[in-house]
Amino acid sequence: MLASRADGTMDSAEQRAVDAVAARIGNPDVTSLAEQVAAGQLRAAELASRLSDAEARRVAYKGALTIVNADGSANESERAFLEELRVALGLSSAEVAEAMRTAGALAEAHVSGVQTGKPPAGPVDEFILQQAILTGALEILPDGLANIAILPLQLRMVYQIGQRHGQKLDFDQIKDLAATFGLGAAAQSLESVAMKLIGGLAGGLLGGMLGGGTRIATGAIITFAATYALGHVSDQYYAQGRRLSVADLKALFARFQDDAKTIYPRVEEQVHRQASTLNLQSLSYWPGCEKFC
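Residues numbered from 1 in each chain as written. Predicted model: local features only at pLDDT ≥ 70, side-chain atom pairs only at ≥ 80, totals over all residues. Heavy atoms only, no water.

1. Quick word on the pattern of salt bridges
Here is step 1: The tally for this structure, following the rule as stated, stands at six salt bridges.
Here is step 2: Notably, a salt bridge pairs Glu-83 with Arg-86, separated by 2.6 Å at the nearest N-O pair. Highlighted residues: Glu-83 and Arg-86, both in helix α5 (residues 76–89), separated by three residues, approximately one helical turn.
Here is step 3: Among the salt bridges present, the one from Glu-269 reaches Arg-273, with a minimum N-O distance of 3.5 Å. Here the residue Glu-269 and the residue Arg-273 both occupy positions in helix α13 (residues 246–275), the gap between them amounting to four residues, near one helical turn.
Here is step 4: Judged by its relative accessible area of 61%, Glu-269 is exposed. (Salt bridge = Lys/Arg side-chain N within 4 Å of Asp/Glu carboxyl O. Helix = DSSP H or I, 4+ residues; strand = E, 2+ residues; numbered from the N terminus. Buried < 20%, exposed > 50% of the residue type's maximum accessible area, 1.4 Å probe, protein only.)

2. Brief notes about the packing of aromatic side chains
Pairs of aromatic rings are described using the distance from one ring centre to the other and the angle between the two planes.
Here is step 1: In total, this model carries three aromatic pairs according to the counting rule given.
Here is step 2: With centroids separated by 5.3 Å and ring planes inclined at 70°, the aromatic side chains of Phe-224 and Tyr-264 adopt a geometry described as edge-to-face. Here the residue Phe-224 occupies a position in helix α12 (residues 212–239), and Tyr-264 occupies one in helix α13, the gap between them amounting to 40 residues.
Here is step 3: Relative accessible area serves as the criterion here: at 3%, Tyr-264 is assigned to the buried category.
Here is step 4: Centroid distance Tyr-237 to Tyr-238: 5.2 Å. Interplanar angle 50°. Geometry classified as tilted. Of the two residues examined, Tyr-237 and Tyr-238, each falls in the buried class. (Phe/Tyr/Trp six-rings, centres within 6.5 Å; stacked < 30°, edge-to-face > 60°.)

Below you can see the structure in the form of structure tokens.
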């Protein structure tokens, strides 16, 4: 929650994501912490002192690192927050160096690569389905840093679909369309990353109350459905010359999300199979798009 505010802003979608984390955990202490963070009453050092062991401190740092890099490389205020957090957690620069390099590579490769793809060569329906399977697979990976790749892949998909319809788009236009459906980087990442990382410590931290297998499966379905819906709405939007209203876009998105949730059981095995072939090193490679397109 602190990491999502490190850039100095907190929009309504990000706040809804914070609220969703607190609600999903269902722990009054977490709800209280969320309220204190929102009011600016807590700092990293105070929270760090409450973590019981080295593993919890490493998980906390990696979670913050993922959120900070979700919308591209960390800015100056976010880097300052991460350094404050590292010191508060008692982690050495060497201990966090590899995670920082991986997160930075993922953020730079994917944000810079959004507008380098070519229009899908085959049927657009199949292209959208494969992108939904890929992002669902990323949700299953145990390392939360993989979540950094989800939104850029979704934005890249929108760009490629727009190209198919002869649209010339810039990065901000694509982000604005995704944001219409609540698919902003920090908002989309926060709930998923928090639940994944907390779930990894659930046995000792929260008494196993989260139900790890169910939580991971639910996350994959939600991400699969969001990508599927975004792709199909984008296809209709650009096919009609960007003349659909916001209300129409949101209605279409909800309809395609529902369709995706009925499709997911038929492709769930593919999602898990794809997840078994992915790793953070391959995710940080973008230029030729051989892995993803």
